[in-house]
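Here's the letter readout for the chains.
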Amino acid sequence: MYLAIIFVGLLFALPNVLPASVLERWPGFLPNQPVALGLDLRGGSHLVLEVDGGELKKERVNTLADDARRLLREEDIPWSNVDVGERGLVVALRSPAQQDRAIELLSGLASPVGSVRRDLAVTPLRADAVELQLTDEGLQQSMGRAVEQSLEVIRQRVDQVGVSEPTIQRVGADRILVQLPGLQDPAQLRALLGSTAKMSFHLLGDASSPGGVRNLQDKDGQFYAVRNRVELSGDRLSDASAGFDPQTSEPVVNFRFDRVGAREFAAITEANVGRPFAIVLDDKVLSAPVIREPITGGSGQISGSFTVQEAGMLSALLRAGALPAKLTVIEERSVGADLGGDVIQKGIYAGIGAFVLVFLFMFVLYGGWGLVANVALALNIVLTLAGMTMLGATLTLPGIAGIVLGIGLAVDANVLINERIREETLKGKASIAAIDAGFKRAYATVMDSNVTALIATVLLFWFGSGPVRGFAITMALGIVISMFTAVSVVKVMMLSIARRRRLKTMEIRPLLGFRPVPDGTRFDFMKTRFLGMGVAALLVVGSVLLMFKPGLNFGIDFRGGIQMEVAASAPEDLSRYREPLGGLGLGEVTLQTMGDEGRLLVRVERQPGGEVQQTLAVERIKAAVLQVDPAASFERTEVVGPKVSGELAQAGVIAVILASLAMLIYIWVRFEWPFAVGAILTLVLDVILTLGVFALTGLDFSLTAIAAILTLVGYSVNDKVVVYDRMRENLRSQRKRSLREVIDMSINQTLTRSLYTSVTAFLAVLPLAIWGGSAVASFAIPMAVGIVIAACSSIFIAAPILLFLGDWRARRGAVMFAPDAVEPADGLASASVRPGGADAS
C-alpha cells in the first residue's frame, strides 16, 4: 500500500521536473500538468475589484422610480411627487382614495427572493402616500446578481485581449479577483476592467428640455448639455470593431446594432435631422456629431481623436457588454517577468541549500539511520508537490518558503523517534522491541507537535490572502504528509533493515562518534530560573520600547499606498531620485535600496480621491524615474487601498490571537492548565521578542511577517510540547522526586532532541534568509531568530513557570496528573508530587 501511494505521488510530481517537449509526448492517461506558478513567480497583474454597493443601490432606486411613474401613468392614478431616498422612494398621491389601488399595482414591481420573501416592501406611509423600500434580502440578491454578471462580462473582456490562463473568481460577497499572467501594465488592465462601459445615445438640449439636462465633458474638456433621457441604449449593440476613417485615416470605432436597435436608431435619426446626437460612455461624451440624414443601415462610426490602442480597447469593451454596476479597484499588484524568473531561481537555490544542510546534519548525527530519515525527507518533498498538483494549488514564493521550512520540520519526527529508540536500546531491549517501543512512545509527541503546527497553518489559510495562502497550503501538506513519510514509511524501512540484517540491537550513533550533548547530562536548569526570567524581562522591555521608537516598519499590506520596485542603473544614489519624486506633490515619498539586488524601492502614501488618482500617481512616479534614469525598468508595482489594508491588519491580529487561544485549549486538554498557562505566557514572550526583531532590523511588517509569526507560534508550542510530554511521563512515574527534580530531569532527557530539532529548523530557514532575497526576508530572518528564541524560552521560561504554578498548586493540596487519571508507566505507580521549591531538593 505504501509503495502504491508513493508510486502515484511520483507520477503526479514528475511533470514538474520534465521539460515541456517531453510532456507534449506524454501519454494522455498519465498526469501531465505541473503545478501552476503564481504571479510573483511568472510575472503578470493582479487586481481585486469591488462592486460599488452604493452605486448599485442608487441605480436600483432610480429604476424603481421610473417604473413607478410609468405604471401609475398607464393606470391613470394621479400622483404629485416621487421622493427618491437612499434605499427607496415615497410616492405622494393626489387622491387618498387611490392608495389601496396604488399599493396593489406597485407591489407588482417586487420580485421574489427565495420561496417566501420579496425584494421590495410596499406599505402605506400616510393617507395619501405609498412607501417603497428595498429589503435586505433584495439588496443581497441584487449584489449577488451584479457580481455574477460582472464575472461574465470580465471574462468576455479578457478573452477579447487574448490573455492566456487568466484567473477570474469571486471573492466574498462583493469582490472579484482577476489575475492575468504576462500582462504587466496595470493601467491597461485597470482601463479594461474598471470601466463600466455603459454606452448610450442622447440628444443635446437646454434647461427647458423635458426631463432636464446634465453637463458632460469629452476627453478634451469641452462641455455638452446632454439630455437625461436615453434615446437608445448600448445594450442594442451587436458588434464593434476598431478601424480607420477612409478620409482622415484616423482610428475610429465602427459599431452595428441588432435588428430592434437598428429600427430604433433609424427612427431617432429620421426625426432629428440637423440636431447634435451625443454618444456617451460612462458619463463621458465620446463624440457629438450632427445628424445629416437618417441612418437606416443599423451601423455607425465613433470618432474622437483616438489612438490605435484606445480604439481597440473601446471596441473590446463594447463587444463584451456593459458591467451591471461600477467596479472599484481596491488592490493592484504587478510583477515583471524578469523579477519572477529571479525569484524562482532564488527559491530553487534556497530549497536545494536547505535540503543539503538538513541531509548532511542528519547523516552526521545518525549515520546510516540518518540516511533512512533523509529518504523519507525526499519523499515528503515529492509527495508535497504531488499533493499540490492534485489539488490544483498555485505555487507562490511564500509557498516555496513553506516547502523549505517543511524540510526542517519533517525531520523533527525522525529526531524524536531516533532518540526514543536509543533510549529503549540503552534499557536493554532488542532491535525489534526497541523500534516498536520507540515509535510508540514518540507517536504522541509527534502528533501533539504536528497538531499545534496545523492549528497555526489552518488559521493562516483562513485569514490570509493571495501568496500567504500558498504558504499555508504547502506547510499543511508538508505536515500531514510527514506523518506518513517520517512515521509510517520510516518504521517499515527500519523494521525491514533490522530483520534482513538480523540486528540484535539498534546502534544509532553519530557518524563521527561524537554527540554534541552526551548521554546522562544533569544540568541544574532550575537553578538559573531567576536569571533566565530576569534576562527575558529585560528583552521584553527593550522590544516594547523598540516597537514605540523606531516602531514597526508597516508594509503596504497594512498601511496602504503605492509601492514600486525599480531596476535602476544606480539605485544606491538616492539623491538623484529624491528631488524629482519629492517635487511631484504626492505626499511622503520613501526611497531605499534593496541590498545587492540592484533595485530601488519607492513608497508613496495613499493618494486622496478615487482609483483614478492612484493610477495618475503611478504614471507620474514612472515618468519622474525615467526622466532621471531612462534605462530604468519597473519590476513590481503594488497599489493597496485603505479598506483592504485595514482588513488585512485586522485579519492578521485576529489570526495571531485565535492561534494562541487554540494552542491554550489544546495543551489544556492534552496536559493540564499549568502546562497551558506556561506555554501561552512563553508564547507571548516569543511573539514580543520577534516583534522586537522586526522593529530593530526595520524589516517590512506585512502579510509575510504575519505568516512568520503564526508559523513561529506553531513551532514554539511544538518545541514546548516535546519537553512537556517528557515531564508528563516522568510525573506519572517518578513519584519520589520533587517537581523541581522532575522538571530538570525531563529537560536533560529531551535536551538532545530539543537541540537537534531546533538546529534542523534553523538550517532549513538559513538558506531562505541568505538566498531568498527581499521578498521573503521579512519571513526568513525573523523565523531564524525566532527558532533560537523558542528553543531558549522552552527551557528557561516555560519550565520555571510550570515549576512556580506546580508549587502553588501543591501548597493548596492539588495534584498534577492524579493516580486514577492515568495508567502507570514502566510498572511504576504515579502519584502526586511534593513542592519543588528551592528547599525541596
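See the structure shown above.
Since the model is a prediction, treat every value here as computed from it, not as a measurement.

### Describing the overall build of the protein chain
Part 1: For the protein chain, the count of helices and strands is 23 helices and 27 strands.
Part 2: In terms of overall dimensions, the protein chain has a C-alpha envelope of 105 × 65 × 60 Å along the principal axes.
Part 3: Counting across all 841 residues of the protein chain, residues that qualify as buried make up 52%.
Part 4: Surface exposure of the protein chain reaches about 37600 Å², of which carbon and sulfur atoms provide 58%.

### Let's talk about the sheet that holds strand β14 (residues 232-233)
Part 1: One open sheet accounts for 4 strands, arranged β14-β11-β17-β18; its pairing is antiparallel. The open sheet is flanked by β14 and β18 (284-287), the only strands paired with a single partner.
Part 2: Across 5 bridges, the pairing between strand β11 (residues 199-203) and strand β17 (residues 277-281) is antiparallel. Bridge pairing in β17 places His-202 opposite Ala-278.

### Considerations on helix α20 (residues 673-697)
Part 1: Taking 1.5 Å as the rise per residue, α20 with 25 residues should run 36 Å; its terminal C-alpha atoms sit 36 Å apart, in good agreement.
Part 2: Counting buried positions along α20 yields 19 of 25 residues, so the element is predominantly enclosed.
Part 3: After α20 finishes, the residue Gly-698 shows a positive phi value of roughly 75 degrees.

### Structural notes on the sheet that holds strand β23 (residues 561-567)
Part 1: On the basis of which strands lie adjacent, the open sheet formed by 8 strands has the order β9-β10-β2-β20-β26-β23-β25-β24 and antiparallel pairing. Looking at which strands have only one partner, the edges of the open sheet turn out to be β9 (167-171) and β24 (589-593). Adjacent strand axes in the sheet meet at a mean angle of 15 degrees, parallel and antiparallel pairs treated alike.
Part 2: With 5 bridges joining them, β24 and strand β25 (residues 599-604) adopt antiparallel strand pairing. Residue Thr-590 lies in a different strand from β25, and its bridge partner there is Arg-603.
Part 3: Strand contacts of helix α17 (residues 575-582): β24 and β25, with the helix running at about 165 degrees to β24, the strand carrying the most contacts.

### Quick notes on the packing of aromatic side chains
Part 1: Considering all chains together, one arrives at 20 aromatic pairs under this definition.
Part 2: For the ring pair Phe-201 and Phe-277, a centre distance of 5.8 Å and an interplane angle of 20 degrees mean the geometry is stacked. Of this pair, Phe-201 sits in strand β11 while Phe-277 sits in strand β17; the two residues are 76 residues apart in sequence, bridging distant segments of the chain.
Part 3: We classify Phe-277 as buried; its relative accessible area is 4%.
Part 4: Among the aromatic side chains, those forming a connected cluster through ring pairs are Phe-201, Phe-255, Phe-257, Phe-265 and Phe-277.

### Thoughts on the nonpolar core
Grouped burial of nonpolar side chains is what soluble globular proteins tend to show.
Part 1: In terms of nonpolar packing, the biggest core is built from 133 residues, with Ile-421, Met-494, Tyr-724, Met-727, Ile-743, Ile-747 and Phe-779 touching the most fellow members.
Part 2: Per-element accounting of this core gives the leading share, 17 residues, to helix α21 (residues 703-733).
Part 3: Among all residues touching Met-494, those that are not within four sequence positions of it are Trp-369, Val-372, Asn-418, Ile-421, Ile-435, Phe-439, Met-506 and Ile-508.
Part 4: Listed in part, the 23 residues of the second largest apolar core include Ala-146, Val-153, Ile-168 and Leu-323.

### Side note on the environment of Glu-86
Part 1: With respect to the element layout, Glu-86 can be found in the loop between β3 (79-84) and β4 (88-93).
Part 2: Taking relative accessible area as the criterion, Glu-86 reaches 65% and is therefore assigned exposed.
Part 3: As for Glu-86 and Ala-623, which are separated by 537 residues in sequence, their C-alpha atoms are 42 Å apart.
Part 4: Not counting residues within four places of it along the chain, the set of residues in contact with Glu-86 comprises Lys-57 and Val-61.

### A short note on the packing of α21 against helix α22 (residues 739-771)
Part 1: The interhelical angle for the contact between α21 and α22, taken along N-to-C directions, is 145 degrees, at an axis separation of 8 Å. Crossing angle aside, the handedness with which α21 passes α22 is right-handed.
Part 2: For the contact of α21 with α22, the residue count by class is 11 nonpolar, 7 polar and 3 charged.

### Considering the pattern of salt bridges
Part 1: Summed over all chains, the structure comprises 31 salt bridges.
Part 2: Arg-170 serves as the salt-bridge partner of Glu-148, at 2.9 Å between the closest nitrogen and oxygen. In this pair, Glu-148 sits in helix α6 (residues 136-161) while Arg-170 sits in strand β9, placing the two residues 22 residues apart along the sequence.
Part 3: The salt bridge partner of Glu-729 is Arg-420, with a shortest N-O separation of 2.7 Å. Pair noted here: Glu-729 is in helix α21 and Arg-420 is in helix α12 (residues 397-426), with a separation of 309 residues, a long-range link. The pair formed by Glu-729 and Arg-420 is uniform in burial state, with each residue classed as buried.
Part 4: By sharing partners, the salt bridges in this structure join Arg-420, Glu-423, Glu-424, Lys-427, Lys-429, Arg-441, Arg-726 and Glu-729 into a single network.

### Remarks on the pairing of β23
Part 1: The element β23 is extensively covered by neighbouring structure, given that 6 of its 7 residues are classed as buried.
Part 2: Taken together, the 7 bridges between β23 and strand β26 (residues 633-640) define a ladder with antiparallel strand orientation. Directly across from Ile-562, in β26, lies its bridge partner Val-639.
Part 3: In this sheet, β25 lies alongside β23 in antiparallel orientation, the contact comprising 6 bridges. When the sheet's bridge partners are listed, Ala-567 is paired in β25 with Arg-599.

### Brief notes about the pairing of strand β12 (residues 213-217)
Successive residues of a regular strand alternate their side chains across the two faces of the sheet.
Part 1: Judged from the 5 bridges that link them, β12 and strand β13 (residues 223-227) form a sheet pairing that is antiparallel. Bridge pairing in β13 places Leu-216 opposite Tyr-224.
Part 2: Hairpin remark: β12 followed by β13, antiparallel, with 5 residues in the connecting loop; positive phi at Gly-221, about 90 degrees.

Cut-offs used in this document
Residues numbered from 1 in each chain as written. Predicted model: local features only at pLDDT ≥ 70, side-chain atom pairs only at ≥ 80, totals over all residues. Heavy atoms only, no water. Helix = DSSP H or I, 4+ residues; strand = E, 2+ residues; numbered from the N terminus. Buried < 20%, exposed > 50% of the residue type's maximum accessible area, 1.4 Å probe, protein only. Areas by Shrake-Rupley, 256 points an atom, 1.4 Å probe, with all protein chains shown as cover. Pairing = 2+ DSSP bridges. Expected span 1.5 Å × (residues − 1). Axes fitted to C-alpha atoms, helices over the stretch in contact; angles between N-to-C directions. Contact = heavy atoms within 4.5 Å. Phe/Tyr/Trp six-rings, centres within 6.5 Å; stacked < 30°, edge-to-face > 60°. Core = buried A, V, L, I, M, F, W, Y, C linked by side-chain atoms within 4.5 Å. Left-handed = near helix turned anticlockwise from the far one by under 90°. Nonpolar A, V, L, I, M, F, W, Y, C, P; charged D, E, K, R; others polar. Salt bridge = Lys/Arg side-chain N within 4 Å of Asp/Glu carboxyl O.

So, to be careful, I would describe these as geometric facts and stop short of saying anything about function.
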